[in-house]
Amino acid sequence: MRGLWRRRRTKRWRRRRQYEHLVAHGYDPFLNQPHGPGAGAERAGRLRGMMAGPAPAAPVVDPRVGPLRDAIVNLLHDHQVPAAAGKYLELRQIDSRQVLAGPDQLDVANQLMSDGHYDAAAAAYEDFLRLYPNEHQADQVRLILGIACARYLGRRERAIELLRQVLPGLHDKGQRAMAEAELERLNAEQ
């Protein structure tokens, strides 16, 4: 038992050392990292220090970003979603690239939508779909975003694109009927 405990402790110590090394060489775990073909391999090589030459300069991050992100997560943890949504709006004013973890991003986006902040909610939903396109809730997000684009934001083309994209994956009859009715209405407006 004692040997197992030592191995675990040693593993944790190594992980902490690797993380400290990465952070010391410019890696920022709170910035959105590029996703796409080749991005992971390039990032992995850069993080391991295997690329020749000096490390690229880390983007300048406003010192208010970290505390705001922490505040948002704490508020969400305490089920204070309206306050978290307000902090999220502050965060986006400071740095529009900031995106939360998937469930947190959805909670904030849903709150913004229910509060009538349609532009901010749409941006939050778009960020969710961009970073988490294969999440199990992605079709629901596309449906909500499509309806918001159609009814509140005047983005007819985007609404049609989203609703057509989501229709094959909708299994709930009510949601399917809603998407079809909205598409019909949008097509009739031409």
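Given the structure is predicted, the values throughout are model-derived calculations rather than measurements.

K.L.:
Before we move on, can you summarise the packing of helix 8 (residues 156-166) against helix 9 (residues 173-188) with the specific residues and values?
P.N.:
Here helix 8 crosses helix 9 at 145°, and the two axes come no closer than 10 Å. Considering only the axes of helix 8 and helix 9, their crossing is left-handed. In this structure, helix 8 uses Arg 156, Ala 159, Ile 160, Leu 163 and Arg 164 to contact helix 9, whose residues at the interface are Ala 179, Glu 182, Leu 183, Leu 186 and Asn 187.

K.L.:
Just give me the short version of the side chain of Gln 98, but keep the residues and values in it.
P.N.:
Following the sequence through the fold, Gln 98 ends up in the loop between helix 4 (81-94) and helix 5 (102-114). A residue is classified by how much of its surface remains accessible, and Gln 98, at 1% relative accessible area, is buried. Within polar-contact distance, the side chain of Gln 98 engages the side chain of Arg 69 at 2.7 Å.

K.L.:
Tell me what's going on with the nonpolar core, and back it up with residues and numbers.
P.N.:
In this structure, Ile 72, Tyr 88, Val 108, Tyr 125, Leu 129, Leu 145 and Leu 163 are the most contacted members of the largest nonpolar core, which totals 40 residues. Listed by contribution, the elements that provide at least two residues to this core are helix 3 (65-77), helix 4, helix 5, helix 6 (118-131), helix 7 (138-151), helix 8 and helix 9. Tallying contributions element by element places helix 7 first for this core, with eight residues. Those residues within four positions of Tyr 88 in sequence are excluded, and the remaining contacts are Ile 72, Gln 98, Leu 100, Gln 105, Val 108, Leu 112, Ala 124 and Asp 127.

K.L.:
Describe the packing of aromatic side chains, and please don't skip the residues or the numbers.
P.N.:
Going through the model one piece at a time under the given rule, you end up with two aromatic pairs. With centroids separated by 4.0 Å and ring planes inclined at 5°, the aromatic side chains of Tyr 118 and Tyr 152 adopt a geometry described as stacked. In this pair, Tyr 118 sits in helix 6 while Tyr 152 sits in the loop between helix 7 and helix 8, placing the two residues 34 residues apart along the sequence. On the basis of relative accessible area, Tyr 118 is assigned to the partly exposed category, the value being 25%. Classification of Tyr 152 by relative accessible area gives partly exposed; the value is 44%. With a centroid separation of 5.3 Å and 45° between ring planes, the pair formed by Phe 128 and Tyr 132 is classed as tilted.

K.L.:
Please set out the pattern of salt bridges residue by residue, giving values where relevant.
P.N.:
If you walk through the whole model with that rule in mind, you get 13 salt bridges. Among the salt bridges present, the one from Arg 64 reaches Asp 62, with a minimum N-O distance of 2.7 Å. Since its relative accessible area comes to 24%, Asp 62 is described here as partly exposed. A salt bridge links Arg 156 to Glu 157; the shortest N-O distance between them is 2.7 Å. Residues joined in a network through salt bridges with shared partners are Arg 151, Glu 182, Arg 185 and Glu 189.

Thresholds, definitions, all that
- Residues numbered from 1 in each chain as written.
- Predicted model: local features only at pLDDT ≥ 70, side-chain atom pairs only at ≥ 80, totals over all residues.
- Heavy atoms only, no water.
- Axes fitted to C-alpha atoms, helices over the stretch in contact; angles between N-to-C directions.
- Helix = DSSP H or I, 4+ residues; strand = E, 2+ residues; numbered from the N terminus.
- Left-handed = near helix turned anticlockwise from the far one by under 90°.
- Contact = heavy atoms within 4.5 Å.
- Buried < 20%, exposed > 50% of the residue type's maximum accessible area, 1.4 Å probe, protein only.
- Polar contact = N/O pair within 3.5 Å; in protein donor to acceptor, adjacent residues only side chain to side chain.
- Core = buried A, V, L, I, M, F, W, Y, C linked by side-chain atoms within 4.5 Å.
- Phe/Tyr/Trp six-rings, centres within 6.5 Å; stacked < 30°, edge-to-face > 60°.
- Salt bridge = Lys/Arg side-chain N within 4 Å of Asp/Glu carboxyl O.

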